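What follows is each chain in one-letter form.
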Amino acid sequence: MTVETFTPNKTTTLETPVKVLEADSPIKQASGTKIGFVSLGCPKNLVDSERILTQLRTEGYDVVPTYNDSDLVIVNTCGFIDSAVQESLDTIGEALNENGKVIVTGCLGIKEDEIREVHPNVLAITGPHAYEEVVNQVHEHLPQPQHNPYLNLVPDIGVKLTPRHYAYLKISEGCNHRCTFCIIPSMRGDLVSRPIGSILDEAKRLKNAGVKELLVISQDTSAYGVDVKYKTDFWDGMPVKTDMKALCEKLGEMGIWVRLHYVYPYPSVDKVMPLMAEGKILPYLDIPFQHASPRVLKL
């Protein structure tokens, strides 16, 4: 299932056409099992939203396009800068006014007191990448529907909130650095790298589903594998090192565009340059310039 409309900063299933069941499907969605969803913030948050929606769809919940049709609304918030915090609080308020039953998740969720001070009536609040907690809260407030998993199918790539031709591939969570100008580690914790075999399996499924471009994302892409000491894993029966170069090499062999985002100047980045020169991955680096002041950067 793909939501065909996408904007970089705010993605919502509300007021967006979503194809969930075939028109001639014998399954009728039960009342009290319909979810509305709003995703705010960066692509990393969008991937979290996709994972939550995939689990809910797998369990038979419906995703509907309007507040009025929703039995419950989930708002995945951003809390990175003041304007993002305000947008999140405004969106929660809009969902409460239009629907009344709202679960809040995402980065702003770590500031539960701040949210409840403005919106005391939200049903539940969880932090970022808290997939199981969000789904458990949905179970608590909406009955888990009866459905036939052989008829009400979810694609093996899960629910995607991007157009069909590209997809985000998240390779890790969190960051080990404590830059004074950045709030991310306090929200998302230390670096946790995904197993490289799991990442490559997902990339292969996305390619087979027709995705033409993979956008590799994380909080600190260049640090991939640091937390596991670049251990050797296995994929397709072959050993693969858990590091940025090996990941790019394997992705480059899939015959799909690969674009690297959130890349900081680690020595490992130099090793990726030849892959760009050889046409294995795109000659592109998304590098976040966090500040322009040498004094602040030094601090």
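Source: prediction; values computed, not measured.

**Details of the packing of helix α6 (residues 196-208) against helix α7 (residues 244-252)**
Part 1 of the reasoning: At a minimum axis separation of 11 Å, α6 and α7 run at an interaxial angle of 25°. In terms of their interaxial angle, α6 and α7 are classed as roughly parallel. As α6 runs across α7, the sense of the crossing is right-handed. When α6 is examined against α7, the residues I196, I199, L200 and A203 are found in contact with a partner set consisting of A246, L247, K250 and L251.
Part 2 of the reasoning: Here the contact of α6 with α7 is composed, by residue class, of seven nonpolar, no polar and one charged.

**Structural notes on the side chain of S218**
Part 1 of the reasoning: Assignment of secondary structure puts S218 in the loop between β10 (213-217) and β11 (232-235).
Part 2 of the reasoning: Looking at S218, its side chain comes within polar contact range of the main-chain nitrogen of D220, at 3.3 Å.
Part 3 of the reasoning: Separated by 2.9 Å, the side chains of S218 and T221 make a polar contact.
Part 4 of the reasoning: S218 has contacts with K44, I171, S172 and Y262, leaving out every residue within four places of it along the chain.

**Description of helix α4 (residues 131-141)**
Part 1 of the reasoning: Of all the positions in α4, only V134, V135 and V138 are classed as buried. Viewed along the axis of α4, the buried residues span an arc of 95°, placing them on a single side of the element. In α4, the exposed positions angled more than 90 degrees off the buried face are occupied by E132 and E140.
Part 2 of the reasoning: Buried residues belonging to α4 abut β2 (34-40), α1 (43-58), β4 (72-77) and β5 (102-106).

**A short note on the sheet that holds strand β13 (residues 257-260)**
Where strands meet in a sheet, backbone hydrogen bonds hold them as pairs that are either parallel or antiparallel.
Part 1 of the reasoning: Taken together, three strands build an open sheet; the order of strands is β7-β10-β13 and the sheet is parallel. Each of the sheet's edge strands pairs with one partner strand only, and the pair in question is β7 (166-170) and β13. Looking at each pair of strands side by side, their axes are set apart by 25° on average, direction ignored.
Part 2 of the reasoning: Its contacts with the sheet place α6 against β7 and β10, and it is angled at close to 175° to β7.

**Remarks on the packing of aromatic side chains**
Part 1 of the reasoning: For the structure on display, the rule yields one aromatic pair.
Part 2 of the reasoning: Sitting over the face of the ring of Y284, R259 holds its NZ or CZ atom 4.5 Å from the ring centroid.

**Let's talk about the environment of K111**
Part 1 of the reasoning: Mapped onto the elements of the fold, K111 is located in the loop between β5 and α3 (112-118).
Part 2 of the reasoning: When its relative accessible area of 27% is taken as the criterion, K111 is described as partly exposed.
Part 3 of the reasoning: Taking the C-alpha atoms as reference points, K111 and T126, separated by 15 residues in sequence, lie 9.4 Å from one another.

**Considering the confidence of the model for the protein chain**
Part 1 of the reasoning: Of all residues in the protein chain, 86% have pLDDT values of 70 or greater, and the mean over the chain is 86.
Part 2 of the reasoning: Taken as a whole, residues 1-8 scores under 50 in pLDDT and shows 28 contacts with residues more than four places along the chain or in a different chain.
Part 3 of the reasoning: Ignoring residues within four places in sequence, the model shows residues 15-30, a span with pLDDT below 50, making 27 contacts including any to other chains.

**Concerning the pairing of β11**
Part 1 of the reasoning: Residues D233 and W235 of β11 are buried on one face, while the alternating residues T232 and F234, pointing to the opposite face, are not.
Part 2 of the reasoning: Examined bridge by bridge, β11 and strand β12 (residues 238-241) share four bridges and lie antiparallel to one another. Residue pairing in the sheet places W235 in a bridge with M238 of β12.
Part 3 of the reasoning: With antiparallel pairing between neighbouring strands as the criterion, β11 and β12 make up a hairpin whose turn holds two residues, including D236 at a positive phi of roughly 55°.

**Quick word on the side chain of R194**
Part 1 of the reasoning: For R194, the position within the fold is in the loop between β9 (192-193) and α6.
Part 2 of the reasoning: Given the relative accessible area of 16%, R194 is considered buried.
Part 3 of the reasoning: Side-chain polar atoms of R194 contact the backbone oxygen of K170, separated by 2.8 Å.
Part 4 of the reasoning: Filtering out sequence-adjacent residues up to four positions away, R194 remains in contact with R51, K170, I171, S172, I199, E202 and Y224.

**Focus: the pairing of β4**
Part 1 of the reasoning: Along β4, six of the six residues are buried, which leaves the element largely enclosed by surrounding structure.
Part 2 of the reasoning: Alternating residues of β4 divide into L72, I74 and N76 and V73, V75 and T77, and every residue in both groups is buried.
Part 3 of the reasoning: Sheet topology note: the β4/β5 ladder contains five bridges and is parallel. Looking across to β5, one finds that I74 is bridged to I103.

About the criteria used
- Residues numbered from 1 in each chain as written.
- Predicted model: local features only at pLDDT ≥ 70, side-chain atom pairs only at ≥ 80, totals over all residues.
- Heavy atoms only, no water.
- Axes fitted to C-alpha atoms, helices over the stretch in contact; angles between N-to-C directions.
- Helix = DSSP H or I, 4+ residues; strand = E, 2+ residues; numbered from the N terminus.
- Parallel < 35°, antiparallel > 145°, perpendicular 65-115°, else oblique.
- Left-handed = near helix turned anticlockwise from the far one by under 90°.
- Contact = heavy atoms within 4.5 Å.
- Nonpolar A, V, L, I, M, F, W, Y, C, P; charged D, E, K, R; others polar.
- Polar contact = N/O pair within 3.5 Å; in protein donor to acceptor, adjacent residues only side chain to side chain.
- Buried < 20%, exposed > 50% of the residue type's maximum accessible area, 1.4 Å probe, protein only.
- Arc of directions from axis to C-beta.
- Pairing = 2+ DSSP bridges.
- Phe/Tyr/Trp six-rings, centres within 6.5 Å; stacked < 30°, edge-to-face > 60°.
- Lys NZ or Arg CZ within 6 Å of the ring centre and 35° of its normal.
- pLDDT = per-residue confidence, 0-100.

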